[in-house]
Structures are given as C-alpha cells and as structure tokens.
Amino acid sequence: MLSLSLVAQKKIDFEIIQTSAVCEMCESLIIKNTLAFEKGIKYAEMDLKTGALGVRFRNDKISLNRIRFLISQLGYSADSLKADPKAFEALHFCCKEKHE
C-alpha cells in the first residue's frame, strides 16, 4: 500500500513560464544548454513570439521555483522572478533587444 502512494506522488506537471527570451539563441541557452541537463525535466518548448516556455517536469525531482531560478540565472526573467543583472549584461546584444 505504501508503494502505491509513493507512485501516485510522482507526478508529471505541465506549466507555462513567461520569460523575456526573444530569439533562437535565447531558446537554445534556456532549453538545450540548461533545462535539457536538469533531472526531472521531461520536455520544454518555447514560443518566441510571446516568450512563453512550456515545461513538462517531474515534481518529485525538480520544482517550478527551481526552474524559474535557473532561467533567471541565465539572464532572463521567469514569471515574476527578475533576471540576474550580471547574467543579463553577459547576454548577446540581440537577446537584450526588447529590454533596452
């Protein structure tokens, strides 16, 4: 019975995170270079027109807040979490296009 309740807790969630990403380089940095290597991330896809990042993840391996934090540490905002200023300054100029 205990094993059944543990299996039920391992849930895959889907959330949409609003980011400040604007180009394919942003998408690559967030998804291919970062989220692809995080345990618990099952799938991520970005809509560059809106900056919306759809993420499917195991909530027993990674939290939504951790995903937002990882994105902010790359220099992008993630929902209400602001981008890390030093990381933002290190971004390519086109990745800062809509912010300046």
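Residues numbered from 1 in each chain as written. Predicted model: local features only at pLDDT ≥ 70, side-chain atom pairs only at ≥ 80, totals over all residues. Heavy atoms only, no water.

Some remarks on the overall build of the protein chain
Then, in step 1: If you tally the helices and strands in the protein chain, you get four helices and three strands.
Then, in step 2: Helices (α) and strands (β) of the protein chain occur, in sequence order from the N terminus, as α-β-α-β-β-α-α.
Then, in step 3: Expressed as a percentage of the 100 residues in the protein chain, the buried residues total 39%.
Then, in step 4: Carbon and sulfur atoms form 55% of the exposed surface of the protein chain, whose accessible area is close to 6500 Å². (Helix = DSSP H or I, 4+ residues; strand = E, 2+ residues; numbered from the N terminus. Buried < 20%, exposed > 50% of the residue type's maximum accessible area, 1.4 Å probe, protein only. Areas by Shrake-Rupley, 256 points an atom, 1.4 Å probe, with all protein chains shown as cover.)

Section: the confidence of the model for the protein chain
Then, in step 1: Overall, the prediction assigns the protein chain a mean pLDDT of 90, with 86% of residues at 70 or greater.
Then, in step 2: Averaged pLDDT values over the elements of the protein chain bottom out at 50 in helix α1 (residues 2-9) and peak at 98 in helix α3 (residues 64-73).
Then, in step 3: Note on residues 1-5: pLDDT under 50 across the span, and zero contacts to partners over four residues away in sequence or across chains. (pLDDT = per-residue confidence, 0-100. Contact = heavy atoms within 4.5 Å.)

Details of the sheet that holds strand β1 (residues 12-18)
Picture the strands of a sheet paired through backbone hydrogen bonds; they go either parallel or antiparallel.
Then, in step 1: Taken in spatial order, the three strands of this open sheet run β1-β3-β2, and their pairing is antiparallel. Of all the strands in the sheet, the pair left with one neighbour each is β1 and β2 (41-47). Within this sheet the neighbouring strands show an average axis-to-axis angle of 15°, counted without direction.
Then, in step 2: The strands touched by helix α2 (residues 24-32) are β2 and β3 (52-58); relative to β2, the strand with the most contacts, the crossing angle is about 170°.
Then, in step 3: Against the sheet, α3 engages β1, β2 and β3, with an angle of about 35° to β1. (Pairing = 2+ DSSP bridges. Axes fitted to C-alpha atoms, helices over the stretch in contact; angles between N-to-C directions.)

What about the environment of D60?
Then, in step 1: Within the secondary structure layout, D60 lies in the loop between β3 and α3.
Then, in step 2: As for D60 and I12, which are separated by 48 residues in sequence, their C-alpha atoms are 8.5 Å apart.
Then, in step 3: Reaching out from D60, the side chain makes a polar contact with the side chain of R58 at a distance of 2.6 Å. (Polar contact = N/O pair within 3.5 Å; in protein donor to acceptor, adjacent residues only side chain to side chain.)

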